[in-house]
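# Architecture at a glance
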2 protein chains.
Amino acid sequence: MNDRLLRACRLEPVDATPVWFMRQAGRSLPEYRAIRERATLEQVVADAALCAEVTLQPVRRLGVDAAVLFADITTPLPGLGIDVRIVDGVGPVIDRPVRSADDLAALRRFEPEASVGPLLAAIRLLRAELDVPLIGFAGAPFTLAAYVVGGRASRDAAAVRRLLLEAPDVADRLLATLADLAIAYLGAQVAAGVQVVQLFDSWAGALSPDLYRDRVAAHSRRVLDAVSALGVPAIHFSTGTAGFLEDVAAAGGDLIGVDWRIALDDAWARIGNRGIQGNLDPAVLVEQWPVIEAGADAVLAAGGGRPGHVFNLGHGVLPETNPDHLARLVDLVHERSAVGAAA
Amino acid sequence: MNDRLLRACRLEPVDATPVWFMRQAGRSLPEYRAIRERATLEQVVADAALCAEVTLQPVRRLGVDAAVLFADITTPLPGLGIDVRIVDGVGPVIDRPVRSADDLAALRRFEPEASVGPLLAAIRLLRAELDVPLIGFAGAPFTLAAYVVGGRASRDAAAVRRLLLEAPDVADRLLATLADLAIAYLGAQVAAGVQVVQLFDSWAGALSPDLYRDRVAAHSRRVLDAVSALGVPAIHFSTGTAGFLEDVAAAGGDLIGVDWRIALDDAWARIGNRGIQGNLDPAVLVEQWPVIEAGADAVLAAGGGRPGHVFNLGHGVLPETNPDHLARLVDLVHERSAVGAAA
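Calculation criteria
Residues numbered from 1 in each chain as written. Chains lettered and ligands numbered in written order. Predicted model: local features only at pLDDT ≥ 70, side-chain atom pairs only at ≥ 80, totals over all residues. Heavy atoms only, no water. Helix = DSSP H or I, 4+ residues; strand = E, 2+ residues; numbered from the N terminus. Rg over C-alpha atoms; globule rule 2.2 N^0.38 Å. Buried < 20%, exposed > 50% of the residue type's maximum accessible area, 1.4 Å probe, protein only. Salt bridge = Lys/Arg side-chain N within 4 Å of Asp/Glu carboxyl O. Least-squares fit on C-alpha atoms with pLDDT ≥ 70 in both. Contact = heavy atoms within 4.5 Å. Buried area = accessible area lost by both parts, 1.4 Å probe. Polar contact = N/O pair within 3.5 Å; in protein donor to acceptor, adjacent residues only side chain to side chain. Pairing = 2+ DSSP bridges. Right-handed = clockwise from strand over helix to strand, strands pointing away.

## Some details on the overall build of chain A
- Helices and strands together make up the secondary structure of chain A, namely 14 helices and nine strands.
- A globule of 343 residues ought to have a C-alpha radius of gyration of about 20 Å, and chain A, at 19 Å, matches this closely.
- By principal-axis analysis of the C-alpha atoms, chain A measures approximately 65 × 45 × 35 Å.
- The proportion of buried residues among the 343 residues of chain A is 60%.

Set out below in structure tokens:
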């Protein structure tokens, strides 16, 4: 069993820096595209064998140090009674957003086995196959709320930010509901076998430091505390939060995931005694190899070979990325960071 | 003459904190909308009297401490031979983006009087009318490049970031061309009478710290140095740059403008001995008065009444903002910050 990622979460030394990629499953892989010619994303997630296969593809092809469960951030929402359509080129679309106390009252209680049974079955299948840790994930309450209130992604997450200001009580109850969802969803994933979880707060960067700290952070903290109580390490990822990274870190996480808009060493100095994950610009991965190599070297240098550094991108793999370059990058990270490698 | 803004740029004490709003002209004002019913944005900018009138409207109605010339960030681009359409709900659209050495070679030299003569005439008209300073502005080279290369706004400014990585020489020459444009455009504005200039780098936050520092900052610095050589104070505004604000500040500016994604006092501590402008979340301005009041008080408290604080939003006024609230906010800022006011 390759336990580099688990050791990094505990700040223990490793023989080489662990590396995996957000969105490594799907998107850029031809074997994934072949599957998507006959199945929608929703169909893949609803079929345990297919979901496990898609999750395994990048582990086989790339040699990464972790598998990450294939699903969409909105996958558990129908379990609350919130219907989601995945639209090509747009992402998740919610035709009936949740914006009022009445909308909230109409939501159902999330039952993991009934709602995402095939995903949990996929986890059990994967654990029998994998010799790297399996990462589960959920959307952080605010980021899920950005979709649930706004109906779809928008540059500034304007709708949910307005709800926070205009109807603080409704917003607070919605965030609490989405935290409950994340706790139940991640708890079921852990029970099924995931060994690490990542909480994605991809939209937190739309907030002011005050709003994040006073109105949002406690909901994320409750999710991360619940994961911690299960004895499973958590990665707390956000983007655009360089203005209040200390607050993000204070909400929890064994590793803090950062995007490319901040230098890794600067970020690490601000998050206290814990590990860090990131932060190569995904746009770099689309370029010719020398550009990728230079970008990777800069991230490795900023990580400085310290225990607790997990190599990753600053956000998800872009669809136009060449999978051969991803595989070559995994080798590069391992070779350059190997204990005993020439400096 | 109300010189609060000019004094703040020089870090001199003021009788009350100066306040103006990005996008104060246009958008939310009914008298502006009445004009736009009979003229497009391009027509307003091409008519000196109309442009001056639109610039004056918020000064009359709101009591702000500065006027800001009404124009779009892309207004000077046709002077380079780059055609721009302003599309409602989208913003500026460039149907033939500039992406290659050949595209660059086809550009014309910018001649201010020929390209933006009416705007310069509007400045002269305005100086005869105004008893507050007139702010001119230009897009920073990278932000203009985001439009020129991408063809329109996009969340991550992906096209121009790819050009920086894939064709460094073309990108560098494009940024140099856009810096030349900004220098000529701002120089002509200063010659016509603007007393302060603001350089807008609204897209810089899409960059990594390394790319900003190594490939972009020098072009902004050249523009800001040229303004400085004219003896006119400059405001250097960017959004999403909390990860590398020191580098933004190092590129120049008497005041550094920050968005709402960072605390004003944190930002001020990072930019050295100069003033700061910002940073109320524009979404707050759309809310009921008590929410606005609380937001304004937080910004004033973070500013601490120190010389060099200019009250503003973290980005432009949103169209749905109530103009009465803007006027009330100006009064609030003046009253609470007045020298001798009870703490």
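## Concerning the pattern of salt bridges
Residues and elements named next belong to chain A.
- Across all of its chains, the model carries 46 salt bridges over all chains by this definition.
- Across the pair Arg213 and Asp247 runs a salt bridge, and its minimum N-O distance is 2.9 Å. Here the residue Arg213 occupies a position in helix 10 (residues 209-229), and Asp247 occupies one in helix 11 (residues 245-250), the gap between them amounting to 34 residues.
- Judged by relative accessible area, which is 39%, Arg213 ranks as partly exposed.
- According to the relative accessible area criterion, Asp247 is buried, its value standing at 16%.
- Ionic pairing is found between Arg270 and Glu246, a salt bridge with its closest N-O pair at 2.7 Å. Of this pair, Arg270 sits in helix 12 (residues 264-270) while Glu246 sits in helix 11, placing them 24 residues apart in sequence.
- Take Arg270: its relative accessible area is 22%, and that puts it in the partly exposed class.
- The class of Glu246 is partly exposed, set by a relative accessible area of 38%.

## So, the relation of the copies chain B and chain A
- For the pair chain B and chain A, the superposition axis carries a translation of 0.0 Å, the fit reaches an RMSD of 0.0 Å, and the rotation angle comes to 180°. The operation mapping one copy onto its partner corresponds to a two-fold rotation axis. The C-alpha atom lying nearest the rotation axis in chain B is that of Ala242 of chain B; the distance is 2.6 Å.
- Both copies contact each other with a shared surface, as 100% of the interface residues of chain B are interface residues in chain A too.

## Re the interface of chain B and chain A
- Contact with chain B, which involves 30 residues of that partner, is made by 30 residues of chain A.
- Together, the buried faces of chain B and chain A total about 2500 Å²; carbon and sulfur atoms form 50% of this surface.
- Broken down residue by residue, the surface that chain B buries against chain A is led by Arg155, Leu165 and Arg261 of chain B, which jointly contribute 25%.
- Applying the counting rule to chain B against chain A returns eight salt bridges.
- Between Asp281 of chain A and Arg161 of chain B there is a salt bridge; the shortest N-O distance is 2.4 Å.
- Linking chain B to chain A there are eight residue pairs in polar contact (both at pLDDT 80 or more).
- Contributions of two or more residues to the side of chain B that touches chain A are made by helix 8 (158-166), helix 10 (209-229) and helix 13 (289-303) of chain B.

## Topic: the pairing of strand 8 (residues 275-280) of chain A
Residue and element names in this part refer to chain A.
- Counting buried residues in strand 8 gives six out of six residues, a clear majority hidden from the surface.
- One ladder, built from three bridges, connects strand 7 (residues 255-257) with strand 8; its direction is parallel. For Leu255, the partnering residue across the bridge sits in strand 8 and is Gly275.
- With helix 12 bridging strand 7 and the parallel strand 8, this β-α-β connection has right-handed handedness.
- Relative to strand 9 (residues 309-313), strand 8 runs parallel, the two being bridged by five bridges. Bridging across to strand 9, Asn279 finds its partner in Asn312.
- Between the parallel pair strand 8 and strand 9, the chain is carried across by helix 13 (residues 289-303), and the sense of this crossover is right-handed.

## Overview of unusual backbone geometry
- Cis geometry marks the peptide bond from Gly278 of chain A to Asn279 of chain A; its omega dihedral reads -5°.
- With respect to the helices and strands, the residue Asn279 of chain A is situated in strand 8.
- Even without being glycine, Arg23 of chain B reaches a positive phi, approximately 65°.
- The residue Arg23 of chain B is located in the loop between helix 1 (4-9) and helix 2 (30-36) in this model.

So, to be careful, I would describe these as geometric facts and stop short of saying anything about function.
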